[in-house]
Amino acid sequence: MLRVLILLVQSLAVFLIATTGFAYLTLFERRLLARLQHRIGPNRAGPGGAFQPLADAVKLFFKEDITPTEADKVVYTIAPALAMIPAILLFAVIPVGGPFRLLGQGTPQTIGPGLQAAGTPLQLAPGISVGVLFLLAVTSIGVYGITLGGWSSANKYSMLGGIRSSAQLISYELALGLSVMVPVMLASSLNLEKIVENQGPLWNVLKPVGFIAFGVFWLASSAEVVRAPFDLVEAEQELVGGYNTEYSSMKFALFFMAEYIKLIAVSAIGVTLFFGGWHGPGVERLYAAAIQQNSGLLFNLAALASLGYFLIKLIIFLAFSVLVRATIPRMKYDQLMDLGWKRLLPISLATVAVTAIGAVLIGPSVPFLSRLFS
Amino acid sequence: MELVVFLITALVSVACAIAMILSKNAVHSALFLVLNFSAVAILYLLLHAPFLAMIQITVYAGAIMVLFLFVIMLLGAEQGEGNDPIRWQQPVAIVLGLLLLAEGGLVFFRSGNIIPTPGNGTAFPTDPGATGGIAELLFTKYLLPFEMTSILLLVALLGAVVLTIKSREKEGAS
């Protein structure tokens, strides 16, 4: 019973952190975009515009909630929820920091492979043996919200947005799945904690195959979360507003939230799979010192440092994403399909093949290369 | 606990399967099928097969059903056609379905416990999440069926390509 209660509290915390993160990501994006375009951006509500997200939320709450007469009522209502739920679910398995110690928990014993066992993991659902597959499964479900929202609105423009989204997601899912397989093969595990631990000595992005896989992952995941330059789903110039044209008030807000929360989630996944997750200079040493001196305080300090590293990496990722949105124009539909099927898919297939050959043949026989393939 | 989860999941999956057949709107049918696939994935989890469960969601609920929805939406075929062009298939389908049900029931009642428990079955990997065990079985014990399936898929792929080439030639000629 207590475990269920703890899980509920944790889930609520993840939900609140994700939505708050979304709110301030919009502010961060608007301010940074404004800077990049020689504007000032929203700075009136609160110091430096800090209350702007709050004002936006209030505004959206008090708007009229409209359902088109011709709409498929049930599907129209559940579509925003179908967009939002997978976005939040993604956070369940991401290890956002190293393990920490609760009061009264036994002494930390080991370091290295057994580090996760030394404390309580900073993660909602720890130790899932198929964590990476869970992420892929949830991402693949995520398309329904957009597609159904577009279909159920009974609006031609929304419908086109919805059709575009399903075509786009099918096209990029293959490349995404294959690029994710590279860190899996390097760590020879589908468990996200093990993948993070495997990057302790050397981040995956610094290995040649990992670097290419990261490039594919970044492009494919941007397309999966329909982020600019892949936002054909809501191309204002062509489709009025895209799949969410008919939506208003909180239903619209849910779509908007889902989009940004998914962006945070895939950035967190990118950090986890390619940029060493919560690893950073000094964290390992802090953990080692904590275990040597058997100090719980030092152990938790290390956990805090690891969480800090993770967040810094995440923010850099998100800033890069805003930068891309400000600089690269939206692709045409044929370019999108070409990139997905003719470029990313063959590249990711070749990378997986090279990783397999490297891990089995080159790694064990050539000692100085083995670090690049494990 | 496990029994409760099983009962709920089984109920949902059966109800969704029936609703899928009965609903008039093709998009609703597709959605019920997605729910059914997800319920089946939970059943796989209950059988200690998390890998299979995740693949079930990714491939069936995620990829294939999105493709279904895409085609339904693209053709605007939500309401379907008034009368079935292949009338004779309905009774045949009912008979075949009942036969399959009878066969399944027979197998189930004949062989007592057919659900393998992790560890003691030979054809069952000890760590259900470890793909190594699954891969080893696929490439040793079940190599022939595995390769035959892949050839079948390749032939289907080639068939699809050939069909589009033919229709393209016709367009060019007319």
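In this text, all values refer to a predicted model and were calculated from it rather than measured experimentally.

Caption draft 1: Here's a closer look at the nonpolar core. Residues and elements named next belong to chain A. Val132, Leu148, Tyr172, Phe217, Ile261 and Leu273 are the most contacted members of the largest nonpolar core, which has 113 residues in total. If one sorts the elements of this core by residue count, helix H10 (residues 249–274) sits on top with 14 residues. Beyond its immediate stretch of four places on either side in the chain, Leu273 contacts Val132, Val180, Pro183, Leu192, Ile195, Gln199, Asn204 and Phe217.

Caption draft 2: Highlighting the interface of chain A and chain B. On the side of chain B, 24 residues touch chain A, which itself brings 23 residues to the contact. Regarding the contact of chain A and chain B, the summed buried area is about 2000 Å², with carbon and sulfur atoms giving 80% of it. Where chain A touches chain B, the interface holds zero salt bridges. Scanning the region where chain A abuts chain B turns up two residue pairs in polar contact (both at pLDDT 80 or more). With seven residues, the single largest contributor to the side of chain A that touches chain B is helix H6 (residues 156–187) of chain A.

Caption draft 3: Broad picture of helix H2 (residues 26–46) of chain B. In this model H2 of chain B runs 30 Å from its N-terminal to its C-terminal C-alpha over 21 residues, within 8% of the 30 Å that 1.5 Å per residue would give. Restricting attention to buried positions, one finds in H2 of chain B the residues Ala26, Val27, Ser29, Ala30, Leu31, Leu33, Val34, Asn36, Phe37, Ala39 and Ala41 of chain B. Structurally, H2 of chain B contributes buried residues whose contacts are with helix H3 (73–89) and helix H5 (143–152) of chain A together with helix H1 (2–22) and helix H3 (50–75) of chain B. You can read the cap of H2 of chain B off the contacts: a side-chain oxygen lies 2.9 Å from the backbone nitrogen of Val27 of chain B, and it is on Asn25 of chain B. Of the residues flanking the end of H2 of chain B, it is His48 of chain B, one or two places downstream, whose phi is positive at about 60°.

Caption draft 4: Representation of the pattern of salt bridges within the structure. A full pass over the atoms with the stated rule returns five salt bridges over all chains. Connected through salt bridges with shared partners, the residues Glu29, Arg227 and Arg325 of chain A form a single ionic network.

Caption draft 5: How the structure looks around the side chain of Ser249 of chain A. Residues and elements named next belong to chain A. Inspection of the secondary structure assignment puts Ser249 in helix H10. Overall, Ser249 belongs to the buried group, its relative accessible area being 5%. Not counting residues up to four positions away in its chain, the partners in contact with Ser249 are Leu60, Phe61, Lys63, Glu64 and Asp65.

Caption draft 6: A look at the packing of H3 of chain A against H5 of chain A. All names here are of chain A. One way to put it is that H3 packs onto H5 with a least axis distance of 8 Å and a crossing angle of 160°. Here H3 lies roughly antiparallel to H5, going by the angle between them. Crossing of H3 against H5: the hand is left-handed. Contact residues: H3 offers Val75, Tyr76, Ala79, Leu82 and Ala83, while H5 offers Gly145, Leu148, Gly149, Trp151 and Ser152. Within the contact of H3 with H5, the residues separate by chemical class into seven nonpolar, three polar and no charged.

Cut-off values and rules
- Residues numbered from 1 in each chain as written.
- Chains lettered and ligands numbered in written order.
- Predicted model: local features only at pLDDT ≥ 70, side-chain atom pairs only at ≥ 80, totals over all residues.
- Heavy atoms only, no water.
- Core = buried A, V, L, I, M, F, W, Y, C linked by side-chain atoms within 4.5 Å.
- Buried < 20%, exposed > 50% of the residue type's maximum accessible area, 1.4 Å probe, protein only.
- Helix = DSSP H or I, 4+ residues; strand = E, 2+ residues; numbered from the N terminus.
- Contact = heavy atoms within 4.5 Å.
- Buried area = accessible area lost by both parts, 1.4 Å probe.
- Salt bridge = Lys/Arg side-chain N within 4 Å of Asp/Glu carboxyl O.
- Polar contact = N/O pair within 3.5 Å; in protein donor to acceptor, adjacent residues only side chain to side chain.
- Expected span 1.5 Å × (residues − 1).
- Axes fitted to C-alpha atoms, helices over the stretch in contact; angles between N-to-C directions.
- Parallel < 35°, antiparallel > 145°, perpendicular 65-115°, else oblique.
- Left-handed = near helix turned anticlockwise from the far one by under 90°.
- Nonpolar A, V, L, I, M, F, W, Y, C, P; charged D, E, K, R; others polar.

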